[in-house]
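Survey of secondary and tertiary structure
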Amino acid sequence: MVNCPNFVEEILVDILLRLPVKSIIRFKAVHSSWLSFLSSKEFTLQHLRRNKANYSTYKCGFIRVEANQTFGHPSLSFRNLVTATEDGNVVIEEIKEAFRETDSGVRVHGSFNGLLLVSINGHLILWNPSTMEYKRIDIRSLCRYIIIEIGLGYDELNDSYKIILIHAHLETITIEVYSMKTNSWKKIYYYYDEFPYILSQSNQFITLANGIPHWIVARRIVRPCGNCTKKVVLRFDMIDEVFKEVVLPEELQCISEGVQSISMLDGDLCVVASKGGWVMKDYGTAKSWYKLDIDYGFHQRHLLHFLPVGFSNDKNQVVVGINRIKWRSYEQAIVIYNKSSNQYTNFVKLKSNVVSYVETLVSPNNYYN
């Protein structure tokens, strides 16, 4: 336990649990007993559960690959959206470079328990930007066919983080599941007729606070007058390792085109369609969907995806990630929507998709659930 004779131990531990990760890392240098306790599984889990229960600790950020004079070649760094001022200005905190990379084609495939899943250069990187720890997973041998979807999740029953790769070849859909616990891959096969969904590299994926990965896919619908498709939300059951479709709000079930965007908002599933956005407050309960109070006028102007990812200033401001086509080029950005003024402000361009995450001490090399 923590060695500090001038404090009651229970009170000291309670104080430490309330601190941000950056402060806890500094306190590890106080004494060997502090290092041992603050690095322990017990403290890591307590800190994790406290942060996940308090959705005000959820943050938004994005990854950037840029030239670095120290390394002499590009490196990967993280930018954290600290807050948005009352007039809508975005305050961004730069986190120091974590590791070297040479490719700008970086994508974030979800986050869970403070870990981000990043793909770059034929590798997957499981990265905790708060502690700067990362684990590199080589998937080049699995890339014989184009990988269509990638996801990160957590299997609560078997206490294992899992990575899901989905790729198609001819009439077969192959699911590759990597278990962090066993450090091994497992293959699951679906024939075309067994899998009524059309997959694409759509940038539309999210891992919720419950550890379940979700994607937007097109479901094939067979009708007498001709076949068609409808976009739906598909989730991967991390325990049974099967796909299941999410029941959408009643208002969306009658829309022919279906869902356009998905995101995580304060840990909950958020879906956006032409008629607005909805949030599932009680996961798995269809009646818990409620409509998000936000003006979608901005959504109609050349946007591919509209992603509410967080709140700022007592939930009066909504942080929105957008993907749009401008002058025939693909553009990603963050905008701030002010509920009081009903206005969008501060367009900040990004070079990768925005991600919602929570600061934790969880290590990708020696993880705790």
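Predicted model, so just to flag it, every value in this text is computed and none were measured.

**As for the confidence of the model for the protein chain**
Looking at the protein chain, pLDDT values average 77 and 72% of them are 70 or higher. Contacts of residues 88–92 to residues separated by more than four positions or lying in other chains number 23 contacts, the stretch itself having pLDDT below 50.

**Overview of the sheet that holds strand S5 (residues 115–120)**
Strand pairing in a sheet relies on backbone hydrogen bonds. The paired strands run either parallel or antiparallel. Taken together, 4 strands build an open sheet; the order of strands is S4-S5-S6-S7 and the sheet is antiparallel. Edge positions in the sheet fall to strand S4 (107–112) and strand S7 (133–138), since each of these pairs with one other strand and no more. Strand-to-strand twist of the sheet, defined as the mean angle between neighbouring strand axes without regard to direction, takes the value 20 degrees. Where S4 meets S5, 4 bridges bridge the pair, whose relative direction is antiparallel. Bridge pairing links phenylalanine 112 to leucine 115 in S5.

**Examining helix H1 (residues 9–17)**
Looking at H1, one finds that the buried residues are Leu12, Val13, Leu16 and Leu17. In a view along the axis of H1, the buried residues occupy a sector of 135 degrees, so they form one face of it. Buried residues belonging to H1 abut helix H2 (21–27), helix H3 (32–38) and helix H4 (41–53).

**Examining the pairing of S5**
Across the 6 residues that make up S5, a large majority, 6, are buried. Across the two faces of S5 the burial is the same, with Leu115, Leu117 and Ser119 and Leu116, Val118 and Ile120 all buried. Connecting the antiparallel pair S4 and S5 is a turn made up of 2 residues, with asparagine 113 showing a positive phi of about 55 degrees.

**Focus: unusual backbone geometry**
Despite not being glycine, asparagine 113 has its phi angle at roughly 55 degrees, a positive value. In this fold, asparagine 113 is placed in the loop between S4 and S5. Taking the relative accessible area as the measure of exposure, asparagine 113 reaches 5% and is therefore buried. A positive phi angle is found at methionine 132, which is not glycine, with a value near 70 degrees.

**Focus on the environment of lysine 162**
Tracing the chain through its elements places lysine 162 in strand S9 (residues 160–169). Residues lysine 162 and methionine 180, 18 residues apart in the sequence, show an inter-C-alpha distance of 6.0 Å. In this structure, lysine 162 is in contact with Gly151, Leu152, Gly153, Asp155, Val177, Tyr178, Ser179, Met238 and Glu241, ignoring residues within four places of it in sequence. In this structure the side chain of lysine 162 is engaged in a polar contact, spanning 3.2 Å, whose partner is the backbone oxygen of methionine 238. At 2.8 Å, the side chain of lysine 162 forms a polar contact with the side chain of glutamate 241.

Rules of the game
- Residues numbered from 1 in each chain as written.
- Predicted model: local features only at pLDDT ≥ 70, side-chain atom pairs only at ≥ 80, totals over all residues.
- Heavy atoms only, no water.
- pLDDT = per-residue confidence, 0-100.
- Contact = heavy atoms within 4.5 Å.
- Pairing = 2+ DSSP bridges.
- Helix = DSSP H or I, 4+ residues; strand = E, 2+ residues; numbered from the N terminus.
- Axes fitted to C-alpha atoms, helices over the stretch in contact; angles between N-to-C directions.
- Buried < 20%, exposed > 50% of the residue type's maximum accessible area, 1.4 Å probe, protein only.
- Arc of directions from axis to C-beta.
- Polar contact = N/O pair within 3.5 Å; in protein donor to acceptor, adjacent residues only side chain to side chain.

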